[in-house]
Amino acid sequence: MTGDATAVLRLADRVVAEYAWRPDLPVALAPRPYLHPVRTLAGAAVTELMPDSHRHHLGAGVAIAEVDGANFWGGRTFLPGHGPAWLDNQGTQHHVRWLRRDDTRLSHTLRWTTIDGRPLLTERRDLTCRPAGEDAWALSYRFALTNATGGELPIRSPAAHGRTGAGYGGFFWRAPAGPCRTTSPDGTGVEAAHGRCTGWLAVEGDGWTLVFIAASPETRRDPWFVRTRDYVGVGSALAWDRPLLLAPGATLTRHVVTVIADGPVGTDRAAAYAADLAS
C-alpha cells in the first residue's frame, strides 16, 4: 500500500482533527479508522488513544462489540455465563476508496471483515466540520452499514448477552480522563443520560465541553452509553439490550454531530446547538 495513512480536518488554517484511515494496529485491537487527536479551537485535545486502562479505545469512531460473532470493538468478548474472554474473533474495518477528501469533508467506503477475511458489512462514512461560534466547532459523523452476507446479520452488545448496562456499540468517543460533569435534557449526572434516548448530552471537562447530538430520527431512538467512572466515554448504542437484526442487503444509517467547545457550555446553549444541527 502507498500513500498517506492520515487525513486532516481543517478550519481556516487550524487542524482540528486527524483521521487515521489506514492505521497499523495489532489484530487484538480490532483495527479500524479513528479520529485522534480531536482538538478544540484553542488546541486542547479531547480524545484519547489506546489508554492503559483500555488499549482498544481508539479516539472517536465506530466500534461494535459483536457482529455475528465477530468482535469489532477490540479486546475481550463477553460470553454469557462466563464473562469477558480472549477469543481469536477480532475483525477489521478496511478502507476501500475515497469519495471525497478535502479540508472540511472526508468521505470514504469501507469493508468490515472477520479475522479470517470474510466480509460482513460494507460502509459509507462521511465526516465533516464547520464553525459553531467563536469558541466552538461541529464535527458531523454519518455512517451507513450494509449487510454484505446472504443471511440475517445479528449485531449485539454485551448487554444483549446479559451484562446489564453494557449496551455499547456504534459511534463511540473516548474523552480525556479526569473530573467531568454530564448534562442532558433530563438533568445532570450519568444516570440522567446513560441508557436514555435524548436529543443531546454534554460532557464538560477541564477547559472543554463536548455536546453530542443525535442528529437523525434513527439516532434519536438509540440510547446513549455514558461512563465517567474509570474512564470517560460516550457512545450511541445500536443494540442496547437486545440484538439488532440486519436483513440481507439492508442498510442502517446513523448520524451524530459533536460540538467541540472551549470552556463550559450551558444547558440553553447545548439545546440550541441540538436544534440547529439535528435534522
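Bear in mind that the values here come from a model prediction, so they are computed numbers and not experimental data.

Caption draft 1: Representation of the layout of surface pockets. As a volume, the largest pocket reaches approximately 610 Å³. Taken together, 34 residues form the lining of the largest pocket, with His54, Arg163, Tyr168, Arg227 and Tyr231 sitting closest to its centre. Those elements that provide at least two residues to the lining of the largest pocket are β4 (60-67), β6 (77-79) and β18 (224-227). In this structure, the second largest pocket spans a volume of roughly 190 Å³. Looking at the second largest pocket, it is lined by 13 residues, and the ones nearest its centre are Arg22, Thr92, Gln93, His94 and His95. By residue number, the principal contributor to the lining of the second largest pocket is strand β8 (residues 92-101), which donates four residues. Each residue belonging to the lining of the second largest pocket can be placed in one class, and the counts come to six nonpolar, four polar and three charged.

Caption draft 2: Inspection of the pairing of strand β11 (residues 136-147) at higher detail. Burial analysis of β11 places 10 of its 12 residues in the buried class, the great majority of the element. Here 11 bridges tie strand β10 (residues 119-131) to β11, and the two strands are oriented antiparallel to one another. Looking at the pairing, leucine 121 lines up with asparagine 147 of β11. Between β10 and β11, which follow one another and run antiparallel, lie four residues, and glycine 133 among them has a positive phi close to 115°. In this structure, β11 lies alongside strand β21 (residues 251-262), joined through 11 bridges in antiparallel fashion. Looking at the pairing, phenylalanine 143 lines up with arginine 254 of β21.

Caption draft 3: Structural detail: the nonpolar core. Of all hydrophobic cores here, the largest spans 51 residues; its most connected members are Leu35, Trp137, Trp173 and Phe212. Ala136, Val257, Tyr273 and Leu277 belong to the second-largest nonpolar core, a separate cluster that totals 16 residues.

Caption draft 4: Main features of the pairing of β8. In the sheet, β8 pairs with strand β9 (residues 105-113) via eight bridges, with the strands oriented antiparallel. Considered in β9, the bridge of histidine 95 is made with leucine 110. Once β8 ends, the chain turns through three residues before running back antiparallel as β9.

Caption draft 5: Local environment of the packing of aromatic side chains. Scanning the model with the defined rule gives 11 aromatic pairs in all. With a centroid separation of 5.4 Å and an interplanar angle of 75°, the aromatic rings of tyrosine 168 and phenylalanine 225 are classed as edge-to-face. Here tyrosine 168 is found in the loop between β12 (153-156) and β13 (170-175), whereas its partner phenylalanine 225 is found in strand β18, with 57 residues between them in sequence. Taken as a pair, tyrosine 168 and phenylalanine 225 share a single burial class, namely buried.

Caption draft 6: Molecular detail of the environment of arginine 130. The topology assignment puts arginine 130 in strand β10. With 121 residues separating them in the primary sequence, arginine 130 and leucine 9 have C-alpha atoms 9.7 Å apart. When residues no more than four places from it in sequence are discounted, the contact partners of arginine 130 are Leu11, Trp137, Ala138, Asp276 and Leu277.

Caption draft 7: Representation of the side chain of serine 216. Position of serine 216 among the secondary structure elements: in the loop between β17 (208-214) and α1 (217-220). For serine 216, a relative accessible area of 8% gives the class buried. Of note is the side chain of serine 216, whose polar atom sits 2.7 Å from the side chain of threonine 219. Apart from residues no more than four positions distant in its own chain, serine 216 is found in contact with His255 and Ser279.

Thresholds, definitions, all that
Residues numbered from 1 in each chain as written. Predicted model: local features only at pLDDT ≥ 70, side-chain atom pairs only at ≥ 80, totals over all residues. Heavy atoms only, no water. 1 Å grid on protein atoms, 1.4 Å probe; cavity = no way out; pocket = protein on both sides within 12 Å on 5 of 7 lines; lining within 4 Å. Points joined across faces, edges and corners; volume = space filled by probe spheres on them. Helix = DSSP H or I, 4+ residues; strand = E, 2+ residues; numbered from the N terminus. Nonpolar A, V, L, I, M, F, W, Y, C, P; charged D, E, K, R; others polar. Buried < 20%, exposed > 50% of the residue type's maximum accessible area, 1.4 Å probe, protein only. Pairing = 2+ DSSP bridges. Core = buried A, V, L, I, M, F, W, Y, C linked by side-chain atoms within 4.5 Å. Phe/Tyr/Trp six-rings, centres within 6.5 Å; stacked < 30°, edge-to-face > 60°. Contact = heavy atoms within 4.5 Å. Polar contact = N/O pair within 3.5 Å; in protein donor to acceptor, adjacent residues only side chain to side chain.

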